[in-house]
Amino acid sequence: MLRLVNRDRANSRYRDETHGQARPLQWNPQLADMARCHSIDMVRHHYFDHTTPSGVTVEQRLAAAGIGWHHMGENLAYANSVRGAERMFMSEPPFQQNHRANILNPLFTEVGIGVAKAPNGQVWVTQDFIGQ
């Protein structure tokens, strides 16, 4: 999925949205662990939200992991495949605060992606982005 995200960021078709300033995202293993845990938790506890049923927010998960940031965003999806999730994100309208905007945001420099497979075969994806 990292390759798909960076391919989208480099695509000249999205240059207007990125102002030509989106560079490839760097993989952050701490963010990836956090994202994977969130995807697994959503599957195990049957919810789909940025905030856990016990009220833990993205910001709190970042703090608990000791991850600093100035800019952050999170994308969530469930789909039949990782490619399908990325297509859903990128099919959203341009120039709006949405998943696509997170992927293309030039302020984000690092990403962690976590995927969990549900019993029905769907993949649950969490993409966590930060910028320092």
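Residues numbered from 1 in each chain as written. Predicted model: local features only at pLDDT ≥ 70, side-chain atom pairs only at ≥ 80, totals over all residues. Heavy atoms only, no water.

Undergrad: What is the right way to look at the overall build of the protein chain in this model?
TA: Summing up its helical and strand segments, the protein chain has six helices and four strands in all. If you list the helices and strands of the protein chain from N to C, you get α-α-β-α-α-β-α-α-β-β. Since a compact globule built from 132 residues should have a radius of gyration of about 14 Å, the 14 Å found for the protein chain is in line with a globular shape. For the C-alpha atoms alone, the extent of the protein chain along its principal axes is close to 40 × 35 × 25 Å. Scored against the burial criterion, the 132 residues of the protein chain give a buried share of 46%. Summarising the internal contacts of the protein chain: among those between residues at least 6 apart in sequence, 67% fall at separations of at least 24. For the protein chain, the exposed area adds up to about 7200 Å²; of that, 52% sits on carbon and sulfur atoms. For the protein chain, the distance from the average position of its 13 positive side-chain charges to the average position of its 12 negative side-chain charges is 9 Å. (Helix = DSSP H or I, 4+ residues; strand = E, 2+ residues; numbered from the N terminus. Rg over C-alpha atoms; globule rule 2.2 N^0.38 Å. Buried < 20%, exposed > 50% of the residue type's maximum accessible area, 1.4 Å probe, protein only. Contact = heavy atoms within 4.5 Å. Areas by Shrake-Rupley, 256 points an atom, 1.4 Å probe, with all protein chains shown as cover. Lys, Arg positive; Asp, Glu negative; His and termini not counted. Charge placed at Lys NZ, Arg CZ, Asp CG, Glu CD.)

Undergrad: Mind showing me how you'd approach helix α3 (residues 29–45) here?
TA: Because an α-helix completes one turn every 3.6 residues, residues spaced three or four positions apart along the sequence face the same direction. Look at α3: 24 Å from first C-alpha to last across 17 residues, which is about the 24 Å you get at 1.5 Å a residue. When we look at burial in α3, the residues that qualify are Leu31, Ala32, Met34, Ala35, His38, Ser39, Met42 and Val43. On the buried face of α3, the contacting elements are β1 (26–27), α4 (58–64), β2 (71–79), β3 (110–117) and β4 (123–131). (Expected span 1.5 Å × (residues − 1).)

Undergrad: Where do I start with the pairing of β4 in this structure?
TA: Consecutive side chains of a regular strand alternate in pointing toward one face of the sheet and then the other. In terms of burial, β4 is largely enclosed, as nine of its nine residues are buried. Note: β2 against β4, nine bridges, orientation antiparallel. Residue pairing across strands places Glu74 opposite Asp128, the latter belonging to β4. Both β3 and β4 contribute to a ladder of eight bridges, which runs antiparallel. Paired with Glu110 across the bridge in β4 is Ile130. Once β3 ends, the chain turns through five residues before running back antiparallel as β4, passing Gly121 with a positive phi of about 95 degrees. (Pairing = 2+ DSSP bridges.)

Undergrad: Mind showing me how you'd approach the packing of aromatic side chains here?
TA: Given two aromatic rings, one states the distance between the centres and the angle between the planes to describe the pair. In the structure shown here, the tally under the stated rule is four aromatic pairs. Judged by centre distance (5.7 Å) and plane angle (75 degrees), the rings of Phe48 and Trp124 are edge-to-face. Here Phe48, found in the loop between α3 and α4, pairs with Trp124, found in strand β4; they are 76 residues apart in sequence, far enough to count as distant. The class of Trp124 is buried, set by a relative accessible area of 12%. Note on Phe108 and Phe129: the rings are 5.5 Å apart at their centroids and 20 degrees apart in plane angle, and the pair reads as stacked. Taken together, the residues span a long stretch of sequence, with Phe108 in the loop between α6 (99–104) and β3 and Phe129 in strand β4 at a distance of 21 residues. For Phe129, a relative accessible area of 1% translates into the label buried. Through a chain of ring-to-ring contacts, three or more aromatic side chains come together here, namely Phe48, Tyr78 and Trp124. (Phe/Tyr/Trp six-rings, centres within 6.5 Å; stacked < 30°, edge-to-face > 60°.)

Undergrad: I would appreciate a short explanation of the pattern of salt bridges in the present structure.
TA: When the charged atoms of two side chains with opposite charge come close together, those side chains can pair. With the rule as written, the count across this model stands at four salt bridges. Residue Arg36 is joined to Asp33 by a salt bridge in which the shortest nitrogen-to-oxygen separation is 2.3 Å. Residue Arg36 and its partner Asp33 are located together in helix α3, separated by three residues, close to a single helical turn. (Salt bridge = Lys/Arg side-chain N within 4 Å of Asp/Glu carboxyl O.)

Interpretation in functional terms is not warranted from these geometric data alone.
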